[in-house]
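Below, each chain spelled out in residue letters.
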Amino acid sequence: NSENSLSMCDLPDNILADVATHLPRPSRALFAAAMTAPHLSWQRLRWKGQSSSASKAIISSSNWEILDFADIEESLASKLTDGDIGSILVCIDAVHNLEKLKLAGCVKITGYGLQPLRRSSLMRQIDLSIAREHQSSVIDPEPWIIEQDVLPTLERIVDAHQNSFRYLQLSFPKKWRENKSAALGQFLQKYHKHMEGRGLCCSKCKRLIEANSFGWNTCYNC
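Attention here is on the structure that accompanies the text. Owing to the predicted nature of the structure, the values given are computational and were not obtained by experimental measurement.

To continue, consider the overall build of the protein. Each helix and strand counted, the protein has 10 helices and four strands in total. Going residue by residue from the N terminus, the α and β elements of the protein occur as α-α-α-α-β-α-α-α-β-β-α-β-α-α. Relative to its full complement of 222 residues, the protein shows a buried share of 48%. The contacts in the protein between residues at least 6 apart in sequence include a share of 71% that link residues at least 24 apart.

Shown next, in the form of C-alpha cells:
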C-alpha cells in the first residue's frame, strides 16, 4: 500500500546523520545536499538555498576543513556536474568552513559550481588539476574545466585574502599550464603579488617561490 510506504525523508534526522557517517566525505555532502533539493534547484537559486533540517544534521556530524574527491570512486567523481559541486559547497557552508579543495576526477565540471567559494578567506589550497595522486596529468577524455568559469571566483578569493595571513596554494590543469592565456597571466600577476613577502617555499626544493613562478607551491625548476 503506497499510503503506508516510507521514504528516506520520513526517517528522523539523527538516523540519517548516523547513516551518513559511514559514507566518504564527498558522498556525505552529496547526500546532505540531496536531502534539501536536486542540484539543479540549487543552481537555479544561484546557490542561495536554505538547507533542510536533515541536511543540517548530516553536515553537523562532520568537520569540513578538507574536501577531496579522490575519496570517492573515480566512476562517481567523473559524473559530477557543476550543480553537484555548487550544492555541496553551499550545504557545507564552504565559505566559513572549507580550507582545502581537491577536485580529483571531476572531469565534467567547468568551474561554474565553484561560485559559492567567493569571499572565502579561509582557503589554503585549491587543486584544479583534476588529476588524482600518482595519476598522469594527461587525462583522457580532457576535463571540461575552463578559465572563464574559474578565474572570476579565484579573483574574489584572492581579494578576500588581502587582509588574511593565510597562504593560498593553487594547482592548475595541465592544458592551462602549457597554453597560458592572457587572462590567466593577469590573474597570476595578482596572485603572486598577494603571495610576495609571505615566505612561501617550494614544497620540493625549499627555495622561496618568486613572483614569476607558475602554479601553487612549487617553483619553475621543480
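There's plenty left to go through after this.
The next thing to look at is helix α6 (residues 82-91). Helical geometry: 3.6 residues make up each α-helical turn, so side chains three or four residues apart lie on a common side. Across the 10 residues that make up α6, a large majority, 10, are buried. Restricting attention to buried positions, one finds in α6 the residues Asp82, Gly83, Asp84, Ile85, Gly86, Ser87, Ile88, Leu89, Val90 and Cys91. Where the residues of α6 are buried, they touch α2 (25-34), α3 (39-44), α4 (53-60), β1 (66-68) and α7 (94-97). With its phi angle positive at about 50°, Asp93 sits one or two positions after the end of α6.

To continue, consider the pattern of salt bridges. With the rule as written, the count across this model stands at five salt bridges. Two residues, Glu142 and Lys175, come together in a salt bridge whose shortest N-O distance is 3.6 Å. With Glu142 in the loop between β3 (125-127) and α8 (147-160) and Lys175 in helix α9 (residues 174-178), this residue pair connects regions lying 33 residues apart in the sequence. Taking relative accessible area as the criterion, Glu142 reaches 51% and is therefore assigned exposed. In this structure, Glu178 and Lys174 form a salt bridge, with 2.7 Å as the shortest nitrogen-oxygen distance. Taken together, the positions of Glu178 and Lys174, both in helix α9 and four residues apart, correspond to about one turn of that helix. Each of Glu155, Asp159 and Lys190 takes part in a single network of salt bridges with overlapping partners.

Across the interface, α8 lies against helix α10 (residues 182-195) with an axial gap of 11 Å and an inter-helix angle of 20°. Put simply, α8 runs roughly parallel to α10. Where α8 crosses over α10, the two elements pack in a sense that is left-handed. In this structure, α8 uses Glu147, Leu151, Leu154, Glu155, Val158 and Asp159 to contact α10, whose residues at the interface are Ala183, Leu184, Phe187, Lys190, Tyr191 and His194.

Counting 56 residues, the largest nonpolar core has Phe69, Leu103, Leu154 and Phe187 as the members making the most contacts within it. If you list the elements that add at least two residues to this core, you get α1 (13-20), α2, α4, α6, α8 and α10. Those residues in contact with Phe69 that lie beyond four places of it in its chain are Pro26, Ala77, Leu80, Ile85, Ile88, Leu101, Lys102, Leu103, Ala104, Cys106 and Arg132.

Scanning the entire structure with this criterion turns up four aromatic pairs. Between the aromatic rings of Trp47 and Tyr112, the centroid separation amounts to 5.8 Å while the plane-to-plane angle is 50°, which identifies the pairing as tilted. Residue Trp47 is located in the loop between α3 and α4, and its partner Tyr112 is located in the loop between β2 (100-102) and β3; the two are separated by 65 residues in the primary sequence. Under the relative-accessibility criterion, Tyr112 is labelled partly exposed at 24%.

Time to look at the environment of Leu122. On the secondary structure map, Leu122 appears in the loop between β2 and β3. Taking the C-alpha atoms as reference points, Leu122 and Arg166, separated by 44 residues in sequence, lie 7.4 Å from one another. The residues contacting Leu122, other than those within four sequence positions of it, are Val95, His96, Asn97, Leu98, Glu99, His161 and Arg166.

What follows covers the sheet that holds strand β4 (residues 169-171). Ordered by their spatial adjacency, four strands build an open sheet running β1-β2-β3-β4, and the pairing between neighbours is parallel. In this open sheet, the two strands that pair with only one neighbour each are β1 and β4. Between one strand axis and the next, the sheet turns through 5° on average, direction left out of account. As paired elements, β1 and β2 share three bridges and run parallel to each other. What sits directly across from Ile66, in β2, is Lys100.

Rules used throughout
Along each chain, residue indices are assigned from 1 in the same order as the chain's sequence is written. For this predicted model, a pLDDT threshold of at least 70 governs which residues receive local features, and a threshold of 80 or more governs which side-chain atom pairs are given and counted, while totals over whole chains, interfaces and linings are taken from all residues. The basis for every side-chain value is the complete set of non-hydrogen atoms in the structure, without hydrogens or water. The secondary structure listing takes helices from DSSP runs of H or I that are at least 4 residues long and strands from runs of E that are at least 2 residues long, numbered from the N terminus. Three exposure classes are used, based on accessible area relative to the maximum for each residue type with a 1.4 Å probe and protein chains only: buried under 20%, partly exposed in between, and exposed over 50%. Any two residues having at least one pair of non-hydrogen atoms within 4.5 Å are treated as being in contact. Salt bridges are defined as contacts in which a side-chain nitrogen from Lys or Arg sits within 4 Å of a carboxyl oxygen from Asp or Glu. Lines are fitted to the C-alpha atoms to define the axes, a helix being fitted only along its stretch in contact, and any angle between axes, read from their N-to-C directions, falls within 0 to 180 degrees. We call two directions roughly parallel when the angle between them is under 35 degrees, roughly antiparallel when it is over 145, roughly perpendicular when it lies between 65 and 115, and oblique otherwise. Note on convention: the crossing is left-handed when the near helix lies turned anticlockwise from the far helix by less than a right angle, right-handed when the turn is clockwise. Nonpolar cores are built from buried Ala, Val, Leu, Ile, Met, Phe, Trp, Tyr and Cys residues. Side-chain atoms within 4.5 Å join them into one set. Any Phe, Tyr or Trp ring, taking Trp's six-membered ring, that has another such ring centre within 6.5 Å forms a pair; planes under 30 degrees apart are called stacked, those over 60 apart edge-to-face, and the others tilted. Strands are treated as partners if at least two bridges between them are detected by DSSP.

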